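Chain and residue survey
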Amino acid sequence: MGRYIGKRLIYMAATLFVIITLTFISMKAIPGDPIAAKYDKATPEIRNRIEAIYGLDKPKTEQYLVYLKNILTGNLGLSITQPSKTANDIVEESFPASARLGITALICGLLIGVAGGFLAGMKRNTVWDYVVILIVTLGASIPNFVVASVLQYTFSYRIPILPPIGWDSSGNWFSGMRYVILPATALTFSTLAVYAKYMREAVLDVLDEEYILLARAKGLPRRTILWKYVLRNAVLPIVTVSAQQVAMLLTGSVVIESIFSIPGIGKYFVNSVTQRDYTVIMAVTIFYSLIFMISMLVMDLLYYRIDPRMRKQ
């Protein structure tokens with residue numbers, strides 16, 4: 001297992017290197033001058049000084065080597081639009097809000113979706129199954145910004161019990177939960193649909209396996225069959241889906257954060273794109289990639305823990 005983790009870490013490092021390189025090339029290939037866009041009224045001398053501060057006066061090859069060196073030391077660069085902050089500061093300040101929102105939506109979507117999909121699979125072609133299929137269809141077809149708008153209109157204007165926008169940045173996880181409910185619900189709706197879909201299909205596949213028929217023929221209690229054989233084997237696809245969901249939710253939903261004015265990393269990413277803050281764009285892209293690769297590594301470790309066949313291999 002240790003050797004496998006070592007190989008995966010090498011692959012992760014190589015992948016991250018490729019992502020950094022491609023991101024750097026893409027930023028340099030985009031037309032436009034970020035310094036000129038920010039300091040359009042500055043004199044040529046002042047503009048040259050600013051370019052020297054950001055290292056933009058050097059050849060692109062030298063800029064790339066300096067950028068790699070800075071990343072190895074944990075320095076993601078100075079923000080162009082917010083010179084008083086580094087890209088590290090922006091990621092550090094914005095990630096907790098995205099993480100709080102994403103973890104809340106992930107937990108709710110996982111619990112509700114897995115339970116609903118398990119129930120639908122066990123009660124195929126019943127009312128419960130049709131309800132879950134309807135939720136899955138709606139969750140897959142309705143964009144989360146539409147769900148967010150409906151929630152805002154219903155619970156902030158028609159029935160004013162929750163704030164339409166805002167965020168509590170006090171640092172206490174449980175404070176200001178009234179600001180989390182609506183955006184987390186909007187994210188949860190699509191998330192639980194994904195979990196319910198995969199869980200239902202996995203349960204139906206497991207129920208058709210020969211070892212389930214053998215367990216029933218032996219007269220094992222229904223509860224033992226459900227918990228020891230059906231649920232344990234049906235949960236494997238959920239681990240795969242969770243790796244993608246965790247990366248997506250932890251790094252923030254751009255649209256949801258914009259709609260509810262949440263100071264998360266997704267909102268900062270959109271602002272950096274519109275303002276041509278290349279330093280922050282590259283920093284957030286690297287951070288996104290790192291979160292996703294860590295999620296995939298954790299998924300493999302969970303597979304190893306849950307599936308005995310991987311331990312034998």
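Structure first, text after, so check above.
Residues numbered from 1 in each chain as written. Predicted model: local features only at pLDDT ≥ 70, side-chain atom pairs only at ≥ 80, totals over all residues. Heavy atoms only, no water.

1. Quick word on the overall build of the chain
For the chain, the helix and strand inventory stands at 15 helices and zero strands. With the principal axes as the frame, the chain shows a C-alpha extent of 85 × 60 × 35 Å. Taken over 313 residues, the chain has a buried fraction of 41%. The contacts in the chain between residues at least 6 apart in sequence include a share of 74% that link residues at least 24 apart. Computed over 31 positive and 20 negative side-chain charges, the inter-centroid distance for the chain is 8 Å. (Helix = DSSP H or I, 4+ residues; strand = E, 2+ residues; numbered from the N terminus. Buried < 20%, exposed > 50% of the residue type's maximum accessible area, 1.4 Å probe, protein only. Contact = heavy atoms within 4.5 Å. Lys, Arg positive; Asp, Glu negative; His and termini not counted. Charge placed at Lys NZ, Arg CZ, Asp CG, Glu CD.)

2. Considerations on the pattern of salt bridges
For the structure on display, the rule yields three salt bridges. A salt bridge links Asp129 to Arg200, with the nearest nitrogen and oxygen atoms 2.6 Å apart. Placement of the pair is Asp129 in helix 6 (residues 127-141) and Arg200 in helix 8 (residues 181-207), with a sequence separation of 71 residues. For the pair Asp129 and Arg200, a shared accessibility class is recorded, and that class is buried. Between Glu201 and Lys197 there is a salt bridge whose closest N-O contact spans 3.3 Å. (Salt bridge = Lys/Arg side-chain N within 4 Å of Asp/Glu carboxyl O.)

3. Concerning the side chain of Ser94
Considering the arrangement of structural elements, one finds Ser94 in helix 5 (residues 87-122). Residue classification places Ser94 among the buried positions, given a relative accessible area of 0%. Apart from the residues within four sequence positions on either side, Ser94 is in contact with Pro263, Gly264, Ile265 and Tyr268.

4. Some words on helix 5
An α-helix turns once per 3.6 residues; consequently, residues spaced three or four apart project the same way. For helix 5, built from 36 residues, the straight-helix expectation of 52 Å at 1.5 Å per residue is met to within 8% by its first-to-last C-alpha distance of 49 Å. When the local axis directions of helix 5 are compared, the greatest deviation, roughly 30°, occurs at Phe95, which is followed within four positions by the proline Pro96. (Expected span 1.5 Å × (residues − 1). Bend = angle between axes of the 7 residues up to and from the residue.)

5. Here we look at the environment of Ile10
By the secondary structure assignment, Ile10 is in helix 1 (residues 2-29). Once the C-alpha coordinates of Ile10 and Val241 are considered, the two residues, 231 residues apart in sequence, prove to be 23 Å apart.

6. A look at the packing of helix 6 against helix 8
Between helix 6 and helix 8, whose axes approach to 8 Å, the crossing angle comes to 130°. Judged by the inter-axis angle, helix 6 sits oblique to helix 8. As helix 6 runs across helix 8, the sense of the crossing is left-handed. Taken together, the residues of helix 8 that come into contact with helix 6 (itself represented by Asp129, Val132, Ile133, Ile135, Val136, Leu138, Gly139 and Ala140) are Phe189, Ser190, Leu192, Ala193, Ala196, Lys197 and Arg200. Of the residues belonging to the contact of helix 6 with helix 8, the class tally is 10 nonpolar, two polar and three charged. (Axes fitted to C-alpha atoms, helices over the stretch in contact; angles between N-to-C directions. Parallel < 35°, antiparallel > 145°, perpendicular 65-115°, else oblique. Left-handed = near helix turned anticlockwise from the far one by under 90°. Nonpolar A, V, L, I, M, F, W, Y, C, P; charged D, E, K, R; others polar.)

7. Some remarks on the nonpolar core
Counting residues in each nonpolar core, the largest one holds 37 residues, and the members touching the most others are Leu101, Phe118, Met122, Met199, Val203, Val230 and Ile256. Taken together, the elements giving at least two residues each to this core come down to helix 5, helix 7 (144-158), helix 8, helix 9 (210-217), helix 10 (222-234) and helix 11 (236-250). Core analysis: the second largest hydrophobic core is formed by 18 residues, Phe24, Met27, Tyr64 and Ala283 among them. (Core = buried A, V, L, I, M, F, W, Y, C linked by side-chain atoms within 4.5 Å.)

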